[in-house]
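This is what each chain is made of:
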Amino acid sequence: MNIQTLFELKNRTAVITGGNSGIGEAMATALGLAGANVILIARRENMLQEAQIKMKQKGITVNYVVADLATPQKAIECCNTILDKFGSVDILINAAGVSLRQPFMEITPETWQQQINLHLSIPFFMTQTLAPVMAKQNWGRIINIASLQSYRAFANSAPYGAGKGGIVQLTRAIAEQWSSKGITCNAIGPGFFPTALTTPVFSNPELAEKNAKQTCIGRNGVLEDLYGCTIFLASEASSYITGQIIMIDGGFTAK
């Protein structure tokens, strides 16, 4: 085994949903810096273009596909577009997300379905479409995004929490189905990181400080904290790890 290349992703193609901002963009950047060819998926082309420019400035090979992953059928169509345009996929990161922060009694069937689709249905159908392609090459990596809310209930977040709880079991189900074919599936569970979804938290200094004190390390996350685990789970280094959820939360869930 060549230790020097254990974490290298040269000649690998990585698809990242929600790769235009926040956690998705950070994970895409990490994969690109490790040598992967990156394909970003999101619905806002202007933000995709901005992310692409930033990554190219770092020497990353990056393309994008504009897609609104609102329904499972749109996810399937997006995957087929990617395969038609780029040929094959080695790594899939399901990072697209939304948190509407509605009080429990104000949630409608439409807003419930929107969040469950994006956090649970889309990762399933992206995997269902792309995993057979990975299986033909006997190698693939799928990384889902769990959450503190996979294990803890937060106010005004019932659909988000339900989806993030489900992604834990979906990660295990994908691992059970595909790992014998060379495809591992794991999830990372970010703690509090500064993203568009967590603006209400970080715009409140007292709340941000409270969350920081809840961690064992004593601070909230910065997006670069995601780089190491992302590269690890996408590379040969994690070849015997599957069906696991790794919390990148500074020890928030340990206390």
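Described in the following lines is the structure provided in the data block. (Residues numbered from 1 in each chain as written. Predicted model: local features only at pLDDT ≥ 70, side-chain atom pairs only at ≥ 80, totals over all residues. Heavy atoms only, no water.)

### Quick look at the packing of aromatic side chains
Right, on to step 1. If you walk through the whole model with that rule in mind, you get four aromatic pairs.
Right, on to step 2. Seen in terms of ring centroids, Phe154 and Phe192 are 6.2 Å apart; in terms of plane orientation they differ by 10°. Their pairing is stacked. One end of the pair, Phe154, is in the loop between β5 (140-145) and α5 (158-178); the other, Phe192, is in the loop between β6 (183-190) and α6 (199-202), with 38 residues separating them in the sequence.
Right, on to step 3. The exposure class assigned to Phe154 is partly exposed, which follows from its relative accessible area of 31%.
Right, on to step 4. Judged by its relative accessible area of 13%, Phe192 is buried.
Right, on to step 5. Taken together, the aromatic side chains of Phe154, Phe192 and Phe252 make up a single cluster linked through ring pairs.
Right, on to step 6. Note that Arg12 overlies the ring of Trp139, its terminal NZ or CZ placed 3.5 Å from the centroid. (Phe/Tyr/Trp six-rings, centres within 6.5 Å; stacked < 30°, edge-to-face > 60°. Helix = DSSP H or I, 4+ residues; strand = E, 2+ residues; numbered from the N terminus. Buried < 20%, exposed > 50% of the residue type's maximum accessible area, 1.4 Å probe, protein only. Lys NZ or Arg CZ within 6 Å of the ring centre and 35° of its normal.)

### A short note on the packing of helix α3 (residues 72-86) against helix α4 (residues 109-136)
Right, on to step 1. Between α3 and α4, the shortest axis-to-axis distance is 9 Å and the interhelical angle comes to 35°. α3 and α4 meet at a crossing whose hand is right-handed. Facing α3, whose interface residues are Pro72, Ala75, Ile76, Cys79, Asn80 and Leu83, α4 presents Asn117, Ser121, Ile122, Phe125, Met126, Thr129, Leu130 and Val133.
Right, on to step 2. A breakdown of the residues in the contact of α3 with α4 according to their chemical character gives 10 nonpolar, four polar and no charged. (Axes fitted to C-alpha atoms, helices over the stretch in contact; angles between N-to-C directions. Left-handed = near helix turned anticlockwise from the far one by under 90°. Contact = heavy atoms within 4.5 Å. Nonpolar A, V, L, I, M, F, W, Y, C, P; charged D, E, K, R; others polar.)

### Re the side chain of Asn220
Right, on to step 1. With respect to the helices and strands, Asn220 occurs in the loop between α7 (205-214) and α8 (227-234).
Right, on to step 2. Among the polar contacts made by the side chain of Asn220, one reaches the main-chain amide nitrogen of Ala212 at a distance of 3.5 Å.
Right, on to step 3. If sequence neighbours within four positions are ignored, Asn220 has contacts with Phe192, Phe202, Ala208, Asn211 and Ala212. (Polar contact = N/O pair within 3.5 Å; in protein donor to acceptor, adjacent residues only side chain to side chain.)

### A look at the pairing of strand β3 (residues 62-66)
Right, on to step 1. Examined bridge by bridge, strand β2 (residues 37-42) and β3 share five bridges and lie parallel to one another. Bridge pairing in β3 links Leu40 to Tyr64.
Right, on to step 2. With helix α2 (residues 45-56) bridging β2 and its parallel neighbour β3, the resulting β-α-β unit is right-handed. (Pairing = 2+ DSSP bridges. Right-handed = clockwise from strand over helix to strand, strands pointing away.)

### What about the pattern of salt bridges?
Right, on to step 1. In the structure shown here, the tally under the stated rule is four salt bridges.
Right, on to step 2. Salt-bridge contacts for Asp90 lead to Arg12; the nearest nitrogen and oxygen are separated by 3.9 Å. One end of the pair, Asp90, is in the loop between α3 and β4 (91-94); the other, Arg12, is in the segment before β1 (13-17), and 78 residues separate them in sequence.
Right, on to step 3. A salt bridge links Asp225 to Arg219, with the shortest nitrogen-to-oxygen separation between them at 2.9 Å. (Salt bridge = Lys/Arg side-chain N within 4 Å of Asp/Glu carboxyl O.)

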